[in-house]
Amino acid sequence: MKVMIYKTAEEIAEAVGRIIIKRVADEPTSAIGFATGASPVPTYEYIVNEFNKGNISFKDMKTFNLDEYCDLPVEDINSYHYFMNENLFGKIDVNPENINFLDGNAEDYDKESQRYAEAIKNAGGIKVQILGIGTNGHIGFNEPADEFTDEAFKVKLTQSTRDSNAKYFGGEEKMPKYAMTMGIGSIMRAKEIVLIATGEAKAKAIAAAVNGEVTPQCPASVLQNHPNATLFIDEAAASLLK
Ligand code: PGA
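Description of the structure in this document. Keep in mind it's a predicted model, so treat the numbers as computed, not measured.

Rules of the game
Residues numbered from 1 in each chain as written. Predicted model: local features only at pLDDT ≥ 70, side-chain atom pairs only at ≥ 80, totals over all residues. Heavy atoms only, no water. Helix = DSSP H or I, 4+ residues; strand = E, 2+ residues; numbered from the N terminus. Rg over C-alpha atoms; globule rule 2.2 N^0.38 Å. Buried < 20%, exposed > 50% of the residue type's maximum accessible area, 1.4 Å probe, protein only. Contact = heavy atoms within 4.5 Å. Areas by Shrake-Rupley, 256 points an atom, 1.4 Å probe, with all protein chains shown as cover. Lys, Arg positive; Asp, Glu negative; His and termini not counted. Charge placed at Lys NZ, Arg CZ, Asp CG, Glu CD. Near = heavy atom within 4 Å. Polar contact = N/O pair within 3.5 Å; in protein donor to acceptor, adjacent residues only side chain to side chain. Nonpolar A, V, L, I, M, F, W, Y, C, P; charged D, E, K, R; others polar. Expected span 1.5 Å × (residues − 1). Core = buried A, V, L, I, M, F, W, Y, C linked by side-chain atoms within 4.5 Å. Pairing = 2+ DSSP bridges. Axes fitted to C-alpha atoms, helices over the stretch in contact; angles between N-to-C directions. Right-handed = clockwise from strand over helix to strand, strands pointing away.

## Focus on the overall build of the protein
- When you go through the protein residue by residue, the secondary structure sums to 7 helices and 10 strands.
- In terms of C-alpha radius of gyration, the protein reaches 17 Å, essentially the compact-globule figure of 18 Å for 242 residues.
- When the backbone C-alpha atoms are referred to their principal axes, the protein occupies close to 45 × 40 × 35 Å.
- In the protein, buried positions account for 52% of the 242 residues.
- Pairs at least 24 residues apart make up 78% of the contacts formed inside the protein by residues separated by at least 6 positions.
- Of the roughly 11,100 Å² that the protein leaves accessible, carbon and sulfur atoms contribute 49%.
- Taking the 24 positively charged and 35 negatively charged side chains of the protein as two groups, their mean positions are separated by 4 Å.

The following block contains the structure:
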């Protein structure tokens, strides 16, 4: 696992944005794994800017998002479908047919997990997976647990995650209790992983992920075992690193 420390979120956005753009330029049909949350937003702005300058086309790119809430219509302004459309997909030339999400409202979550795994496989596997990290060390919605998960599954969100995200819903009581997320195995099968974290609130999780033991109690620590995972973090997020 590599750690790159930057002064500003803009520098991180450029560094990660360039990785995605180069990947798609080299192989236009690449499958890219996208993440939601505040952390990747500047990266998406960078990518949109480069697209607007005519420097890259995403028309053949395939996309797979990490997670989606359960029991929330995809049209809801807090759905990750909505988020991705607002921040990236609606602003570039990605073909809507190439956009893949887990269905948080699936009737059969096991079947949905199998469907997603197949779709990723048929797309040639994820070439670059973008991640954020929760203050509890989660990646996707893989919350601290007793075991590492494999393929996508339905998860009960922890209090820490609910505390972090309730602000978007205008109160915790309005926030979904469950989500469907890619599992640790599905994330680890990506060829390259880029994790973005900024701010002091992430410092503890980053230190545990980098300096701690590899344990499902800090899901991001599993990235120590990935052959090509890089953390793109600012000085505040790096402040507790040994
Ligand atoms: P954030 O979320 O980017 O909004 O901080 C990251 C995460 O919880 O995985």
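## Brief notes about the site of the ligand
- Neighbouring the ligand are the residues Gly-37, Ala-38, Ser-39, Gly-132, Ile-133, Gly-134, His-138 and Lys-202.
- Ala-38 is positioned such that a nitrogen or oxygen atom in its backbone is 2.8 Å from an oxygen atom of the ligand.
- Here an oxygen atom of the ligand and a side-chain polar atom of Ser-39 are 2.5 Å apart.
- Here the ligand has 280 Å² of accessible area as a free molecule, and 79% of this is covered by the chains.
- Taken together, the residues that form the shell around the ligand break down as 2 nonpolar, 5 polar and 1 charged.

## Here we look at helix α1 (residues 9–26)
- Taking 1.5 Å per residue as the helical rise, α1 with its 18 residues ought to reach 26 Å, and the 26 Å between its terminal C-alpha atoms agrees with that figure.
- For α1, every residue scored as buried is listed here: Ile-12, Ala-13, Ala-15, Val-16, Gly-17, Ile-20, Ile-21 and Val-24.

## Here we look at the nonpolar core
- Counting residues in hydrophobic clusters, the biggest one holds 77 residues, and the most contacted among them are Phe-34, Tyr-44, Tyr-69, Leu-88, Ile-139, Leu-195 and Leu-223.
- Top contributing element to this core by residue count: α1, with 7 residues.
- Each residue touching Leu-223, except ones within four places of it in the same chain, is listed here: Met-1, Leu-131, Ile-139, Met-188, Ile-193, Leu-195, Ala-229 and Leu-231.

## Re helix α7 (residues 203–211)
- Along α7, the residues that are buried comprise Ala-203, Ala-205, Ile-206, Ala-207 and Ala-209.
- Elements that come into contact with the buried residues of α7 comprise β9 (192–197) and β10 (229–234).

## Comments concerning the sheet that holds strand β6 (residues 126–131)
- Here 7 strands make up an open sheet; going across it, the order is β1-β10-β9-β6-β2-β3-β5 and the pairing parallel. Strands with a single pairing partner mark the edges of an open sheet, and in this sheet they are β1 (2–6) and β5 (99–100).
- Two strands pair when backbone bridges link them, and strand β2 (residues 31–34) and strand β3 (residues 62–65) are joined in this way by 4 bridges, in the parallel orientation. Bridge pairing links Gly-33 to Phe-64 in β3.
- Contacts from helix α4 (residues 109–122) reach β3, β5 and β6, with the element oriented near 150° to β3.

## As for the pairing of β3
- Handedness of the β-α-β unit built from β2, helix α2 (residues 41–52) and β3 comes out right-handed.
- Bridging between β3 and β5 involves 2 bridges; their strand directions are parallel. Residue Thr-63 lies in a different strand from β5, and its bridge partner there is Ile-99.

## What about the side chain of Thr-230?
- Secondary-structure assignment places Thr-230 in strand β10.
- A relative accessible area of 5% means that Thr-230 is categorised as buried.
- Residues within four places of Thr-230 in sequence aside, it is in contact with Lys-2, Met-4, Ile-193, Val-194 and Leu-195.

## Side note on unusual backbone geometry
- Of note, Asp-71 is a non-glycine position whose phi angle comes to about 60°, a positive value.
- Among the structural elements, Asp-71 can be located in the loop between β4 (67–69) and α3 (80–87).
- Owing to a relative accessible area of 59%, Asp-71 belongs among the exposed residues under this scheme.

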